[in-house]
Amino acid sequence: MTEIPRRTAARTAKLASLPLGVAGRAAAGWGRRLVGGNSEQISAQLMAKSAEQLFAVLGELKGGAMKFGQALSVFEAAVPEEFGEPYREALIKLQSAAPPMPAADVHRMLAEQFGRGWRSRFEEFDDTPAAAASIGQVHRAVWRDGREVAVKVQYPGAEEALLSDLRQLSRMSRLLQPLAPGMEIKPLINELRERMVEELDYRDEAANQRAFAATFEGDDKVKVPRVVASAPRAMVSEWVTGHPLSSIIRSGTQAERDTAAALLAEFHYSAPSRAGLLHADPHPGNFQILDDGRLLVIDFGAVARLPDGLPRPLTIMTKFALQKRSDDLMALMRAEGFVRPGTTITADEAIAYLAPFTEPLGSETFRFNRRWLQRQAERVGDLRSPDFDTGRALNLPPQYLLVHRVTLGTLGVLCQLDADVPLRGIVAHWQPDLFDDGAPAAGS
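Described in the following lines is the structure provided in the data block. (Residues numbered from 1 in each chain as written. Predicted model: local features only at pLDDT ≥ 70, side-chain atom pairs only at ≥ 80, totals over all residues. Heavy atoms only, no water.)

With that out of the way, let us pick up the overall build of the protein chain. On a plain count of helices and strands, the protein chain comes out with 18 helices and 14 strands. Contacts in the protein chain between residues at least 24 apart in sequence constitute 71% of all its contacts with a sequence separation of at least 6. (Helix = DSSP H or I, 4+ residues; strand = E, 2+ residues; numbered from the N terminus. Contact = heavy atoms within 4.5 Å.)

Below is the structure:
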C-alpha cells in the first residue's frame, strides 16, 4: 500500500465490516450457546476477535478512521470490565501504531514540501518511521546544524480520506455503538469532523507548537519541542524522547503513575491561563515522561483558542455544583444554553446529575480509576436511571464542546493511570475563584 486508500467505496466497505463483523460474531456465539457452549468463554472469544478487527481496519485506513479509534482509546477506562481487556489492548495500539508509508512516498512528499534539494537540509535521515499517527508519520533525522530532529510527513491523500471516513462514520454511528459500550458515538464523531480539517495544514500546527514552546520555555514541569521548519504537509521539530505514558499506564509503579497524572492535570489546567490555548488531543500517545521528570507534550494539530482562559461560565457552574447551589446553577445553565428549549428539568435534577462529576474537587487528593469513570458512564447511560432522562434534557453549546471533550479525555487518561491526584490544589491555583468565599450571582 503506497498511500492511504483513497476510493470512498473501498474505505466505506472496510468501515462497514466493523459493525457487520460484530453482529455476525454475536449471532455465531448465540448459536454456539444454544448447543451448550461455555457462555463466558464464547463472549471472551467474540470480544477478542472484534477488538482484533477494530485495530486492523482502523489502523490500515489511517485518516479519520484511525483518528476515531484514537479518540475512543482515551475513553477506554469507561468501558465496562466485561468488555474491557480486548478493546483496551486494541485501542491502545492505535495511539502510536499504523502500517508505515513506503520510503519512496516519504521522499516524494518531502520534495514537494521542501524542494528537490530537501536532503541538503539534513545530515542524516532515517527512512524507517519512528512513529505513526492518523494523518502522518514521524522520521528521526539530523538537521544540517547537527541537531537531532523529528520529521513529520503527511500521508498522500490524507485530506480526502479523513473527510470521507468521518462522513461515513457519522452515518454509521448507531451501528458502531456496540464497539464502545457506555459511550455516545455520534457526538464524538461530529466533533472530530469539526476539528480534523484544522490538522491538515502543518503550518498551523507549527504555529501552535511555537506558542506552547515559548510559554513553557524553561518550565520545570513541561517540555514542548521547538519547531525547526514547517510546510503545509511536512514539519520538523526538535527530537525529544522519554518514557511513553502508555507504558506507565501499563506497567508503571504507583509513584510513577501519581507523578505522571499530576503533571498531566497541571498541564491541562494551566495552559489556558498561561498560553491562551488548550492542547486538544489528550490521548496517551501524545505524552511522555522525560528522564528529568518533566512531561513531554507533542502533536499540536488540534488546539482550542482560549485567549481569556477557560470559559468563566464553566468555572461558575462547577462552583455552584460544588456548593450545591441548585437554583443558581439552573439559572446559569439556562442562560448559557445548557438546557434544551421546551424540556422540563428541575434544579434538584440538574444538581443530582452534575454534582458527582465534581467529586474529584471535593478532597485534597482523589483516586482516579476505571471503576469511578465506569460508575459515571453507567449512571448517565442507564436507561432506567433518572440521570439518563436528565441528560436528555441537557445541551452542550458548540462553544463549549471542545473544552468539554478535552477535559473528559484528560480525566479518562487519569483514570487509565489509576492515580492519586491532588486535583483540588492544581485547579485552585489556576482557577482561584472556583474555591474562593465569594458568591457570584447566577448571571456573572
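Applying the stated criterion across every chain, the model contains 14 aromatic pairs. With centroids separated by 5.0 Å and ring planes inclined at 25°, the aromatic side chains of F338 and Y400 adopt a geometry described as stacked. Taken together, the positions of F338 in the loop between α13 (326-335) and α14 (347-354) and Y400 in helix α17 (residues 398-417) put the pair 62 residues apart, joining distant regions of the chain. As far as burial versus exposure is concerned, F338 and Y400 are alike and both buried. We note K152 situated over the ring of Y202; from NZ or CZ to the ring centre the distance is 5.2 Å. Seen from the ring of F357, R379 lies directly overhead, with NZ or CZ sitting 4.9 Å from the centre. (Phe/Tyr/Trp six-rings, centres within 6.5 Å; stacked < 30°, edge-to-face > 60°. Buried < 20%, exposed > 50% of the residue type's maximum accessible area, 1.4 Å probe, protein only. Lys NZ or Arg CZ within 6 Å of the ring centre and 35° of its normal.)

On to the pairing of strand β4 (residues 148-154), then. Residues in a regular strand project their side chains so that they alternate between the two faces of the sheet. Of all 7 residues making up β4, 6 are buried, and the element is well covered by its neighbours. Where strand β3 (residues 136-143) and β4 come together, 7 bridges link them in antiparallel fashion. By the bridge assignment for β4, H139 is matched with V151. In this structure, the hairpin formed by β3 and β4 is closed by a connection of 4 residues, where G146 is found at a positive phi of approximately 95°. Pairing of β4 with strand β7 (residues 234-238), which is carried by 5 bridges, proceeds in the antiparallel orientation. Across the sheet, residue V149 finds its bridge partner in β7, namely E238. (Pairing = 2+ DSSP bridges.)

Topologically, Q137 is positioned in strand β3. Reaching out from Q137, the side chain makes a polar contact with the side chain of H139 at a distance of 3.1 Å. Residue contacts for Q137: discarding those within four places in its chain leaves P100, M101, V106, P129, A131, A132, V151, K152, V153 and Y155. (Polar contact = N/O pair within 3.5 Å; in protein donor to acceptor, adjacent residues only side chain to side chain.)

Between helix α11 (residues 254-275) and α17, the least distance of the axes is 9 Å, while the angle of their chain directions is 170°. Considering their axes alone, α11 and α17 lie roughly antiparallel with respect to each other. Counted together, R257, A260, A261, L264, A265, H268 and Y269 of α11 and V406, T407, T410, V413, L414, Q416 and L417 of α17 form the full contact between these two elements. In terms of residue class, the contact of α11 with α17 is built from 9 nonpolar, 4 polar and 1 charged. (Axes fitted to C-alpha atoms, helices over the stretch in contact; angles between N-to-C directions. Parallel < 35°, antiparallel > 145°, perpendicular 65-115°, else oblique. Nonpolar A, V, L, I, M, F, W, Y, C, P; charged D, E, K, R; others polar.)

In this fold, K223 is placed in strand β5 (residues 222-223). When residues no more than four places from it in sequence are discounted, the contact partners of K223 are E238, V240, L290, R294, L295, L296 and V297.

As a further point, take the pairing of β3. Taking burial as the measure, the 8 residues of β3 include 6 buried ones, the bulk of the element. Here 3 bridges tie strand β1 (residues 122-125) to β3, and the two strands are oriented antiparallel to one another. The partner of F125 across the bridge, within β3, is A141.

Now for α17. If you check α17, its first and last C-alpha atoms are 30 Å apart, about what 20 residues at 1.5 Å a residue would give, namely 28 Å. Within α17, 15 of the 20 residues are buried, which leaves the element mostly enclosed by the surrounding structure. (Expected span 1.5 Å × (residues − 1).)

Turning our attention to the sheet that holds strand β11 (residues 295-297). Across the sheet, which stays open at both edges, the 4 strands sit in the order β5-β11-β10-β8 with mixed pairing between neighbours. Of all the strands in the sheet, the pair left with one neighbour each is β5 and β8 (243-244). Summarising the sheet, β8 and strand β10 (residues 287-289) pair through 2 bridges and their orientation is antiparallel. Each residue of the ladder has a partner; that of P244, found in β10, is Q288.

Along α13, the positions that sit buried rather than exposed are S326, L329, M330, L332 and M333. Considered in projection along α13, the buried side chains sweep an arc of 165° and stay on one side of the axis. Among the exposed residues of α13, those oriented more than 90 degrees off its buried face are D327 and A335. Of the surrounding secondary structure, the elements contacted by the buried residues of α13 are α12 (312-322) and α14. Positive backbone phi, at 85°, marks G337, one or two positions downstream of α13. (Arc of directions from axis to C-beta.)

Further remarks concern the pattern of salt bridges. Counted according to the given criterion, the structure contains 18 salt bridges. For R147, the salt bridge is made with D145, and the minimal N-O distance between the two is 2.8 Å. What makes R147 partly exposed here is its relative accessible area of 33%. Overall, D145 belongs to the partly exposed group, its relative accessible area being 46%. The closest approach of N and O atoms between R367 and D418, which form a salt bridge, is 3.2 Å. (Salt bridge = Lys/Arg side-chain N within 4 Å of Asp/Glu carboxyl O.)

Positive phi outside glycine occurs at K324, with the angle close to 55°. Its place among the elements puts K324 in the loop between α12 and α13. On the basis of relative accessible area, K324 is assigned to the exposed category, the value being 57%. Look at D418: it is not a glycine, yet its phi comes out positive at around 55°. Within the fold, D418 resides in the loop between α17 and β14 (419-421). Assessed through its relative accessible area of 28%, D418 is described here as partly exposed.

In short, geometric facts, not functional conclusions.
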